[in-house]
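# Per-entry structural report
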Amino acid sequence: MLGLFLYFYFMKTQALHTLFLECDKISTDTRKISKNDMFFALKGEHFNGNTFANQALEQGAKYVIVDEAKYQTSNAIILVDNVLKTLQDLASFHRSYLNIPIIALTGSNGKTTTKELINATLSQQYQTTATVGNLNNHIGVPLTLLSMTKATQIGIVEMGANHLEEIAFLCRIAKPDYGYITNFGKAHLEGFGSLEGVITGKTELYNYLEAHNKLVFINSNDPIQVAKSTSITSYSFGIASKNQSDDLVVNLESTSPFITVTCNNTSIQTQLIGAYNFNNIAAAICIATYFKVSDSNIKKGLENYVPANNRSQIITKNKTQIILDAYNANPTSMTAALTNFSELQVENKTVILGDMFELGKEAETEHNNIAHLATNLKIDQVLLIGEHFYKTEIDSKKIKRYRSFEDFKNEFDFKALQNDTLLIKGSRGMALERILNLV
């Protein structure tokens, strides 16, 4: 009976895939739909994509996928049991259809930057398709896979998670051949419960790779990565003084202010700041080397990469030097950013920190820890924004607290930041990039 079910399931997905190949791309938003798209009518807390089925056709969609029969008003509208599951099943089928190498990466910090760096190096010699932005969840991963074509030679898939079993689920969709975990930090503690929970959740990628006899890329300077990957085929990188058995040695030469590294007697001057980005760069070099990208192309890819999207961007505005790192934040990334910032050889250093979200019962402790750290580093002024930071109990003349962004906007004299060097960092929901309009 199960065999019969799987047969019909396969045939149904294959038939839908045949229709998908007639289309140019997948769309899930009628505001961005193009002619010849296949539109998936996804549902959310506050919307029902089924209601836009006819509108999608009117705007040029070739096919529309719905899961409510009353919206099947045309032969071009295809009724399925569940639109989201159908999207995921189609993506997994398409991944098998393409049969190309897929690199999956996850981790607490640096996923998107590392993904961009991997893509920057591999794309010098291969036709790559990589996750756009941070579309790394149960919807984003399928969309990434479905954006790959027969022209794609290597796929790069970022995977995010805020609870157990999520990475395992995404692996079943993407079926990666290679994997890399950037690090294990205090992120999404509300969902994972603890740092141990984070480690368990992230290493679901290792579990998949081991079960399917695939390969993992390892930072040998990370003891957790080493300990959790002993039984998996691996290709490692590290610092020469740490582990002479590494497949690749990468050394950090300078961080003043941009990172310079050396590898295989090649010096690479990046446009990235912060020692915390060294491992991201080294991982990209490691993976590109494994895929036999030349040293000169690795150098070209990394030196031409310019960070964007509020990630370690350097901006000068009205005599203020700004390091904008406002895409996201957790205790681990916040600590790294503050420590690096404190070591800059500049005067008048100010940090503006926004609340860190999804920390659950650890929120009070972790915000107090960060406030305490900031006041003890070589930083002149610490401006804290958000309900969590507002409740911190650290007593210091360096600190000013604001309950909300609006309070900060209305009460702070931004002219006082002229001639300062400024670090801006906070969780995505704080949207601290708005400060650029105030400085």
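Residues numbered from 1 in each chain as written. Predicted model: local features only at pLDDT ≥ 70, side-chain atom pairs only at ≥ 80, totals over all residues. Heavy atoms only, no water.

### Looking at the domain arrangement of the protein
Condition: Start and end points for every domain follow an automatic or database-based domain assignment. We call two residues in contact whenever any of their non-hydrogen atoms come within 4.5 Å of each other. Buried area adds together the accessible area that both of two parts lose upon being put together, with accessible area traced by a 1.4 Å probe. Think of a polar contact as two N or O atoms within 3.5 Å of one another; within protein, one of them needs to be a possible hydrogen donor and the other a possible acceptor, and neighboring residues in sequence only count if both atoms come from side chains.
In terms of domain boundaries, the protein breaks down into domain 1 (13-81), domain 2 (100-304) and domain 3 (313-437). Taken together, the contacts link 16 residues of domain 2 with 17 residues of domain 3. Between domain 2 and domain 3, a total of about 1,400 Å² is buried, with carbon and sulfur atoms accounting for 53% of that surface. Linking domain 2 to domain 3 there are 2 residue pairs in polar contact (both at pLDDT 80 or more).

### Points about the packing of aromatic side chains
Filter applied, for reference: Working definition: rings of Phe, Tyr and Trp (its six-membered ring) pair if their centres are within 6.5 Å, and the pair is stacked with planes under 30 degrees apart, edge-to-face with planes over 60 apart, and tilted otherwise. Strands are runs of DSSP state E lasting at least two residues, helices are runs of H or I lasting at least four, and both sets are numbered from the N terminus onward. Burial classes: relative accessible area under 20% of the type maximum marks a residue as buried, over 50% as exposed, and values in between as partly exposed (1.4 Å probe, protein chains only).
Scanning the model with the defined rule gives 14 aromatic pairs in all. Considering the side-chain rings of Tyr-235 and Tyr-290, the 5.2 Å spacing of their centres and the 70° angle between planes classify their relative orientation as edge-to-face. Of this pair, Tyr-235 sits in strand S10 (residues 233-238) while Tyr-290 is found in helix H11 (residues 278-290), placing the two residues 55 residues apart along the sequence. Using a relative accessible area of 27% as the deciding quantity, one classes Tyr-290 as partly exposed.

### Here's the deal with the UniProt feature "binding site: ATP" (unreviewed entry) in the protein
How we decide: UniProt positions are given in the numbering used here, feature names are shortened, and annotations may be inferred rather than shown by experiment.
Cross-referencing UniProt, the feature "binding site: ATP" (unreviewed entry) maps to Gly-107, Ser-108, Asn-109, Gly-110, Lys-111, Thr-112 and Thr-113 in the present numbering. Structurally, the position occupied by Gly-110 is in the loop between strand S5 (102-106) and helix H4 (111-122). Leaving out residues up to four positions away in the same chain, Gly-110 has contacts with Thr-182 and Asn-280. Residues in contact with Thr-113, not counting those within four places in the same chain, are Leu-272, Asn-277, Asn-280 and Arg-311.

### Remarks on the UniProt feature "domain: Mur ligase N-terminal catalytic" (unreviewed entry) in the protein
Per the UniProt entry, the sites bearing "domain: Mur ligase N-terminal catalytic" (unreviewed entry) are residues 26-92 in this numbering. Between the end C-alpha atoms of residues 26-92 there is a gap of 14 Å, over a span that is 24% helix and 19% strand.

### Observations concerning the pairing of strand S20 (residues 421-425)
Going by this rule: Two strands qualify as a pair provided that DSSP identifies no fewer than 2 bridges between them.
Most of S20 is tucked away, with 5 of its 5 residues classed as buried. Of the two faces of S20, the one carrying Thr-421, Leu-423 and Lys-425 and the one carrying Leu-422 and Ile-424 are both buried. Pairing of strand S16 (residues 320-325) with S20 involves 5 bridges; the strand directions are parallel. Bridge pairing in S20 links Leu-324 to Ile-424.

### What to know about the pattern of salt bridges
Where we set the bar: Here, a salt bridge means any Lys or Arg side-chain nitrogen found within 4 Å of an Asp or Glu carboxyl oxygen.
This model, assessed by the stated rule, comprises 12 salt bridges. A salt bridge links Asp-37 to Lys-25; its shortest N-O distance comes to 2.7 Å. Here the residue Asp-37 occupies a position in strand S2 (residues 37-40), and Lys-25 occupies one in strand S1 (residues 25-27), the gap between them amounting to 12 residues. Residue class for Asp-37 comes out buried when judged on its relative accessible area of 0%. Glu-68 is the partner of Lys-43 in a salt bridge, and the nearest nitrogen-oxygen pair spans 2.9 Å. Taken together, the residues span a long stretch of sequence, with Lys-43 in the loop between S2 and helix H2 (53-58) and Glu-68 in the loop between strand S3 (63-66) and strand S4 (77-79) at a distance of 25 residues. Beyond isolated ion pairs, a larger network of salt bridges with shared partners links Lys-43, Asp-67 and Glu-68.

### Thoughts on the sheet that holds strand S18 (residues 381-385)
Spelled out, the test is: An axis is simply a line fitted to the C-alpha atoms; with a helix, the fit covers only the stretch in contact. Between two such axes, the angle follows the N-to-C directions and lies from 0 to 180 degrees.
Overall, mixed pairing links the 6 strands, which are arranged S15-S16-S20-S17-S18-S19 in an open sheet. Edge strands, defined here as strands with exactly one partner in the open sheet, are strand S15 (313-317) and strand S19 (399-402). Sheet twist, expressed as the mean angle between neighbouring strand axes with direction ignored, is 20°. As defined by bridge partners, S15 adjoins S16 across 5 bridges and the pair is classed as antiparallel. Counted as the bridge partner of Ile-314 is Ile-323 from S16.

### A short note on the nonpolar core
How we decide: What makes a nonpolar core is a set of buried Ala, Val, Leu, Ile, Met, Phe, Trp, Tyr and Cys residues whose side-chain atoms join them at distances within 4.5 Å.
Counting residues in hydrophobic clusters, the biggest one holds 68 residues, and the most contacted among them are Met-38, Leu-145, Met-159 and Leu-338. Apart from the residues within four sequence positions on either side, Met-38 is in contact with Leu-16, Leu-19, Phe-20, Cys-23, Lys-25, Ile-26, Ser-27, Tyr-63, Ile-65 and Leu-90.

### Let's talk about the layout of surface pockets
Stated precisely, the cut-off is as follows: In this analysis, the protein atoms alone were mapped onto a 1 Å grid. Cavities are point sets where a 1.4 Å probe fits without being able to get out; pockets are open sets with protein on both sides within 12 Å along at least five of seven lines; lining residues have an atom within 4 Å of a point. Grid points are joined across faces, edges and corners, and a volume is the space filled by probe spheres set on the points.
Considering only enclosed or pocket space, the second largest pocket measures out at about 850 Å³ in volume. Lining of the second largest pocket is provided by 35 residues; of these, Ile-26, Ser-27, Thr-28, Asp-29 and Leu-143 occupy positions nearest its centre. Listing elements by their share of the lining of the second largest pocket, those giving two or more residues are S1, S2, helix H3 (83-98) and helix H5 (140-146). The dominant element in the lining of the second largest pocket, judged by the number of residues it contributes, is H5, at 4 residues. When residues are assigned to domains, the lining of the second largest pocket turns out to be shared by domain 1 (13-81) and domain 2 (100-304), each giving three or more.

### Quick notes on the sheet that holds strand S12 (residues 251-255)
On the basis of which strands lie adjacent, the open sheet formed by 3 strands has the order S12-S13-S14 and antiparallel pairing. Here the strands that pair on one side only, and so sit at the sheet edges, are S12 and strand S14 (266-273). Strand-to-strand twist of the sheet, defined as the mean angle between neighbouring strand axes without regard to direction, takes the value 25°.

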